[in-house]
Amino acid sequence: VSYKPENSLVKSNLVYSITTDNNNNIWMGSSDGLSKYDGRNWKVYTRNNSVLRSNVITSLKKDKLNRIWVGTSEGIYLIENDIMSDASFNLQNQSVVDIAESSSGTIWAALNGGITRLNGNSWQLFDIANSGLKDNYPLCIEIDFMDRIWVGSRYSGISILDNNNWDYISTYSMNIAGLESGINSICFAEDGTVWAGTIATTADVGKI
C-alpha cells in the first residue's frame, strides 16, 4: 500500500521521518506537516491547527513515556495524549536535525549549531566552543547501551560524549578506502557492532 497526498492525509511526498508509538499509531513527518494514522483514521498537525511554527518536520522520536517529540525547521515540540505543546524554550527558531533519549529519559537533540540537552525548561547547548564537537553541523545523534552520546557530523566524523569526557573518530582513521568525511547515520547492534553511514560534504552520497 502506498500512502501519498493523493490518497491519504500524508501531507507531502517528501517524508523525512516516521515512527510508531505503543498504541500502533504511525507518525509521519513531511515537508508540509505531521500526520498520524491509527489504521483507520488520520490526524494532521500543521501551522494552521497547532502550535507549530513550521510545517517542515525533520525528525520524530517516541520516548519511554510514549510521548512523541517532533523536530522541525523552527524548534522542537512535544505531543502527549494527542495534545501538542511547544518545547523549544530557548531554541525558538532553531532547525532540529535529530532527537535521541538516554536510558534515564533525558532528551537530546542535534541541530544546526551543535547538540543540546533538555534540563527542565531549558536546553543546554554544546558546540565547538564548549565541547569536543569538531564542527557545529551534526547530522545525527544516537545513544548507545552505555548511555554514551554519539554525534555524526557533516564534515568531521563522529564525536562521542561519555559522561563528561569527549572522544573523536574520524572517517580517515577507519582504514576504508573511499570513505567520505561526514557521518549521517549511526546505529548499534546488540553484539556491540557500530554501523555508520558516511556522507560527502557537498553531496548526499557515501558508504556504510
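Everything discussed here concerns the structure shown above.
Cut-off values and rules
Residues numbered from 1 in each chain as written. Predicted model: local features only at pLDDT ≥ 70, side-chain atom pairs only at ≥ 80, totals over all residues. Heavy atoms only, no water. Salt bridge = Lys/Arg side-chain N within 4 Å of Asp/Glu carboxyl O. Helix = DSSP H or I, 4+ residues; strand = E, 2+ residues; numbered from the N terminus. Buried < 20%, exposed > 50% of the residue type's maximum accessible area, 1.4 Å probe, protein only. Pairing = 2+ DSSP bridges. Contact = heavy atoms within 4.5 Å. Phe/Tyr/Trp six-rings, centres within 6.5 Å; stacked < 30°, edge-to-face > 60°.

Caption draft 1: Broad picture of the pattern of salt bridges. In this structure the tally under the stated criterion is 5 salt bridges. A salt bridge links Arg 53 to Asp 86; the nearest nitrogen and oxygen atoms lie 2.4 Å apart. You can see Arg 53 sitting in the loop between β4 (42-45) and β5 (57-62) and its partner Asp 86 sitting in strand β8 (residues 83-86), a full 33 residues away along the chain. Asp 86 gets classed as partly exposed once you look at its relative accessible area, which sits at 27%. The salt bridge involving Arg 154 is made with Asp 204; its shortest N-O contact spans 3.6 Å. Taken together, the positions of Arg 154 in the loop between β14 (149-153) and β15 (158-162) and Asp 204 in the segment after β18 (194-199) put the pair 50 residues apart, joining distant regions of the chain. The buried category is assigned to Arg 154, whose relative accessible area is 18%.

Caption draft 2: Examining the pairing of β4 more closely. One ladder, built from 4 bridges, connects strand β3 (residues 33-37) with β4; its direction is antiparallel. Within the sheet, the bridge partner assigned to Tyr 37 lies in β4 and is Trp 42.

Caption draft 3: Region of interest: the environment of Gly 157. Tracing the chain through its elements places Gly 157 in the loop between β14 and β15. Remark: the alpha-carbon pair of Gly 157 and Glu 180, spanning 23 residues in sequence, is separated by 8.8 Å. The contacts of Gly 157, once residues within four sequence positions are left out, are Val 151, Gly 152, Tyr 168, Ile 169, Thr 171, Ser 181 and Ile 183.

Caption draft 4: Representation of the packing of aromatic side chains within the structure. Summed over the entire model, instances satisfying the criterion amount to 8 aromatic pairs. Here the aromatic rings of Tyr 3 and Tyr 37 are separated by 5.4 Å at their centres, their planes lie at 55°, and the arrangement is tilted. You can see Tyr 3 sitting in the segment before β1 (15-20) and its partner Tyr 37 sitting in strand β3, a full 34 residues away along the chain. Look at Tyr 3 and you get partly exposed, because its relative accessible area is 40%. Seen in terms of ring centroids, Tyr 37 and Trp 42 are 4.2 Å apart; in terms of plane orientation they differ by 20°. Their pairing is stacked. Given the relative accessible area of 15%, Tyr 37 is considered buried. By relative accessible area, which is 23% here, Trp 42 ends up partly exposed. Each member of the aromatic cluster is reached from another via a ring pair, and the members are Tyr 3, Tyr 37 and Trp 42.

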